[in-house]
Amino acid sequence: MTTPSAARVVLRRALLAAAGGTIGTAARLALGLLIPDAPTGVLVANLLGALALGMLTARLPTPDLRILLGTGLLGGFTTYSAFAIDAVGLWGASPVLALGYVLLSVGGGVAAAVLGLRLGAGAGRRRRMP
């Protein structure tokens with residue numbers, strides 16, 4: 001059984017994730033309206049999300065900010081399910097294109113996250129220098 005204070009922490013963090021997710025899903029919709037081509041829009045959202053999450057992970061000092069911006073905002077902005085559906089749809093039209101999409105999405109996402117981590121860590125070092 002959780003204590004009342006632990007329950008408040010859980011509720012606060014759930015609300016932070018929900019608030020961030022609301023903003024992230026609205027941003028994802030806006031991006032989808034700007035880039036209506038499903039595979040391209042999803043790829044852009046996921047690569048930008050991976051880059052931003054890497055930067056935030058390196059920089060955010062508190063669990064609450066990580067939940068609000070990482071889990072919530074970027075969790076709502078990125079979309080694994082749409083990526084999976086797009087990959088299956090592309091497979092029916094062109095297995096080679098589908099394989100390229102999957103490799104670019106996964107490999108590009110990992111590369112974007114690494115770049116984000118490095119940029120986030122580097123920004124902290126530069127700021128501390130006189």
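See the structure shown above.
Let me sum up the structure you'll find in this document. Starting afresh in each chain, residues are numbered from 1 along the sequence in its written order. pLDDT decides what is reported in this predicted model: residues at 70 or higher carry local features, side-chain atom pairs at 80 or more are listed and counted, and totals for whole chains, interfaces and linings draw on all residues regardless. To obtain the side-chain values, all non-hydrogen atoms of the structure were used and water was disregarded.

**Quick look at the overall build of the chain**
For clarity, the threshold we go by: In this description a helix means any DSSP run of H or I spanning at least four residues, a strand means any run of E spanning at least two, and both kinds are numbered starting from the N terminus. Residue burial is assigned from relative accessible area. The probe radius is 1.4 Å, only protein chains are included, and a residue is buried under 20% of its type maximum, exposed over 50%, and partly exposed in between. Only the protein chains shown count as cover for residues, and the accessible areas themselves come from Shrake-Rupley with a 1.4 Å probe.
When helices and strands are counted, the chain shows 5 helices and 0 strands. Within the span of the chain, comprising 130 residues, buried residues form 27% of the whole. Total accessible area on the chain stands at roughly 8100 Å², and carbon and sulfur atoms take up 76% of it.

**Section: the environment of Leu65**
How we decide: Residue contacts follow a heavy-atom distance rule, with two residues in contact if any of their heavy atoms lie within 4.5 Å.
Tracing the sequence through the fold places Leu65 in helix 3 (residues 63-77). The class of Leu65 is partly exposed, set by a relative accessible area of 33%. Considered as a pair, Leu65 and Asn46 are 19 residues apart in the sequence and their alpha carbons are 20 Å apart. Not counting the four nearest positions on each side in its chain, Leu65 is found in contact with Leu60 and Gly70.

**A short note on the packing of aromatic side chains**
Put simply, the test is: Two rings belonging to Phe, Tyr or Trp (six-membered ring only in the last case) form a pair when the distance between their centres is within 6.5 Å. Interplanar angles under 30 degrees mark stacking, angles over 60 mark edge-to-face geometry, and anything in between is tilted.
Within the structure shown, the criterion is met by 2 aromatic pairs. Ring geometry for Phe83 against Tyr101: centres 5.6 Å apart, planes inclined by 45°, an arrangement best described as tilted. Placement of Phe83 in helix 4 (residues 80-93) and of Tyr101 in helix 5 (residues 95-128) is noted, with a sequence separation of 18 residues between them. Taking the relative accessible area as the measure of exposure, Tyr101 reaches 7% and is therefore buried. Members of the aromatic cluster, joined through ring pairs, are Tyr80, Phe83 and Tyr101.

**Quick notes on helix 2 (residues 38-59)**
To keep things clear, this is the line we draw: To estimate the expected span of a helix, subtract one from its residue number and multiply by 1.5 Å.
Helix length check: helix 2, at 22 residues, gives a terminal C-alpha distance of 31 Å against a target of 32 Å (1.5 Å per residue), a fit within 8%. Taken together, the buried positions of helix 2 are occupied by Gly41, Val42, Leu43, Ala45, Asn46, Gly49, Ala50 and Gly54.

**Topic: the environment of Gly24**
Looking at the element boundaries, Gly24 is found in helix 1 (residues 4-34). Relative accessible area serves as the criterion here: at 0%, Gly24 is assigned to the buried category.

**Examining the layout of surface pockets**
Selection rule: In this analysis, the protein atoms alone were mapped onto a 1 Å grid. Cavities are point sets where a 1.4 Å probe fits without being able to get out; pockets are open sets with protein on both sides within 12 Å along at least five of seven lines; lining residues have an atom within 4 Å of a point. Grid points are joined across faces, edges and corners, and a volume is the space filled by probe spheres set on the points. Polar here means any residue outside two lists: the nonpolar Ala, Val, Leu, Ile, Met, Phe, Trp, Tyr, Cys and Pro, and the charged Asp, Glu, Lys and Arg; Gly therefore counts as polar.
Its boundaries defined by the atoms lining it, the largest pocket holds a volume of some 160 Å³. If you trace the largest pocket, you find it lined by Asn46, Thr78, Thr79, Tyr80, Phe83, Ser105, Val106 and Gly109. Elements with a minimum of two residues in the lining of the largest pocket: helix 4 and helix 5. Examining the composition of the lining of the largest pocket, we find that 3 residues originate from one element, helix 5, more than from any other. In the lining of the largest pocket, the residues fall into 3 nonpolar, 5 polar and no charged.

**Digging into the side chain of Ser105**
Condition: Nitrogen and oxygen atoms within 3.5 Å of one another constitute a polar contact, given that in protein one can donate a hydrogen and the other can accept it, and given that sequence-neighbouring residues count only through two side-chain atoms.
Assignment of secondary structure puts Ser105 in helix 5. Residue classification places Ser105 among the buried residues on the basis of a relative accessible area of 11%. At 2.8 Å, the side chain of Ser105 and the backbone oxygen of Tyr101 are in polar contact. Setting aside residues up to four positions removed in sequence, Ser105 forms contacts with Leu43, Leu47 and Phe83.

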